[in-house]
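Observations on chain architecture
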Amino acid sequence: MLEKIIFASALLGCASSALAASNRPDGYVTICKSGETCSVSSSTNVAFGASDQFVYKILSGSFSCSVATFGSDPIPSKSNKECSIPKSASGTGGGSSSSAQSSGGSLTVNTSAGNGSVSLSWSNPSNINALEVYQDTDSDPAGRVRIASLSAGTTSYTATGLTNGSTYYFWVKYRLTDGVWYSSNAASGKPSGSSSGGGDSGSITGATCTANGSVSVSSTIRVSSGTYDGGCKVFTATSALGDGSQAEGQKPVFIVENGATLKNVILGSNGADGIHFYGSGTIDNIRWTNVGEDAMTVKESGTINIKNISAFAGSDKFFQVNAASTITISNCVVDSMGKFLRQNGGTTFKIGVSVDKCQISNMSEGIFRTDSSISTAKITNSSLKNAGDICIGKWASCTSSGITNY
């Protein structure tokens, strides 16, 4: 009996540890739990929630870790929630204390604004092994957008395609050799100047959704007609659709059928096989936080209109085209993929691709690829960085103009 009790206690301890690991945002530490009183030494952005669902509020001094304090319940199904703060802040609660500094030291971001851009610089802790840059239009980290993944030795980055006169906030998330992700301060910058010159990339913004709740998707959402407005909620696939890896046969989170429109959607950390098009369709203001098998796939012929999108962290293709189609993409920010667009390998049907005002970075192979000698592609007024070859394959015509490299 004693052995059973010890074994059960060990299991409970493992379960508790696993839960705690997901009960705070990346770069945050828990200072107290539901019903306890917390304290922060100065105005601090406090997260309240559990199981990766949070609400945020700027608080100072003592407060109760409760729904009453934060004004809403981010996950009613969970009775036990935690209050957590950035590692760059300090606070106490529940008989424990938390400090800003990690064992590897902190990272502070400095900014310098330019014309349509903000340059970031920082010094790295000695035991750093990964970096990511995030951007938003306010200082609340909820809803911030990843705009770049950088090598561990990088100490600067320039965000481009920004609107002059608007204030932007930036964070650098960094992973140390302990395997934990930490977050820098929120550094702000306001671009200024007049837009001029080739490329006209000052209007590149990508998707503008700020997270507004979440939806767990266990079966594909089919948009058969009209417009489906996701309200900027985060739609995350369950394992019923796939695991977001490069495994073939995963299911899409959304299907857009002929003549339908999908807009205002954030695809969560498991993107499964993204969005499938069956015939003509439109998507507008869509963000992939972590591209799964592919972000988008054309399954049946049509005219596809894609605008105001952002996508990050795809191992292979961003866009897969499996049927003759005409595709227009405008105002996009796409980072860290294998290829931007790929016509299904070995096929010879005709596609026509037009890309305008996009920021494309860190493509391990390139932008356009086809095996069809009758397909065409062009990219205009766009900003590229480490994007590889623009044209790969047998294109009848593949052109670029108004391109800037940053």
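Refer to the structure printed above.
An account of the accompanying structure is given in this report. Note that the structure is a prediction, hence the values are computed from the model and not measured.

1. Overview of the sheet that holds strand S7 (residues 110–114)
Pairing in this open sheet of three strands is antiparallel, and the strands run S7-S8-S11 from one edge to the other. Both edges of this open sheet fall to S7 and strand S11 (156–159), since each of them pairs with a single strand only. Strand-to-strand twist in this sheet, taken as the mean axis angle between neighbours without regard to direction, amounts to 20°. Looking at chain direction, strand S8 (residues 117–121) and S11 are connected through four bridges and run antiparallel. Paired with Ser119 across the bridge in S11 is Thr158.

2. Some points on the packing of aromatic side chains
Here the distance between the centres and the angle between the planes together describe a pair of aromatic rings. For the structure on display, the rule yields 11 aromatic pairs. Where Phe368 meets Trp395, the ring centres are 6.1 Å apart and the plane angle is 70°; that geometry is what we call edge-to-face. Here Trp395 lies in the loop between strand S29 (389–393) and strand S30 (397–401) and Phe368 lies in strand S26 (residues 351–370), a separation of 27 residues in the sequence. Given a relative accessible area of 12%, Trp395 falls into the buried group. Ring pairing ties together the aromatic residues Trp288, Phe318, Phe340, Phe368 and Trp395, which thus form one cluster. Sitting over the ring of Trp181, Lys173 keeps its end group 5.6 Å from the ring centre.

3. Quick notes on the state of the cysteines
Counting across every chain of the model gives four disulfides. Sulfur-sulfur distance for the disulfide between Cys209 and Cys232 comes to 2.0 Å. Between Cys209 and Cys232 the sulfur-sulfur dihedral comes to about -70°; the bridge is accordingly left-handed. Taken together, the residues span a long stretch of sequence, with Cys209 in the loop between strand S14 (187–189) and strand S15 (214–217) and Cys232 in strand S17 (residues 227–237) at a distance of 23 residues. The disulfide partner of Cys332 is Cys358, and the gap between their sulfur atoms is 2.1 Å. One quick way to see it: the torsion about the S-S bond of Cys332 and Cys358 is about 130°, and its sign makes the bridge right-handed. With a gap of 26 residues between them, Cys332 in strand S25 (residues 325–343) and Cys358 in strand S26 connect regions that are remote in the sequence.

Cut-off values and rules
Residues numbered from 1 in each chain as written. Predicted model: local features only at pLDDT ≥ 70, side-chain atom pairs only at ≥ 80, totals over all residues. Heavy atoms only, no water. Pairing = 2+ DSSP bridges. Helix = DSSP H or I, 4+ residues; strand = E, 2+ residues; numbered from the N terminus. Axes fitted to C-alpha atoms, helices over the stretch in contact; angles between N-to-C directions. Phe/Tyr/Trp six-rings, centres within 6.5 Å; stacked < 30°, edge-to-face > 60°. Buried < 20%, exposed > 50% of the residue type's maximum accessible area, 1.4 Å probe, protein only. Lys NZ or Arg CZ within 6 Å of the ring centre and 35° of its normal. Disulfide = S-S within 2.5 Å.

Functional significance is not addressed by these values, which are geometric in nature.
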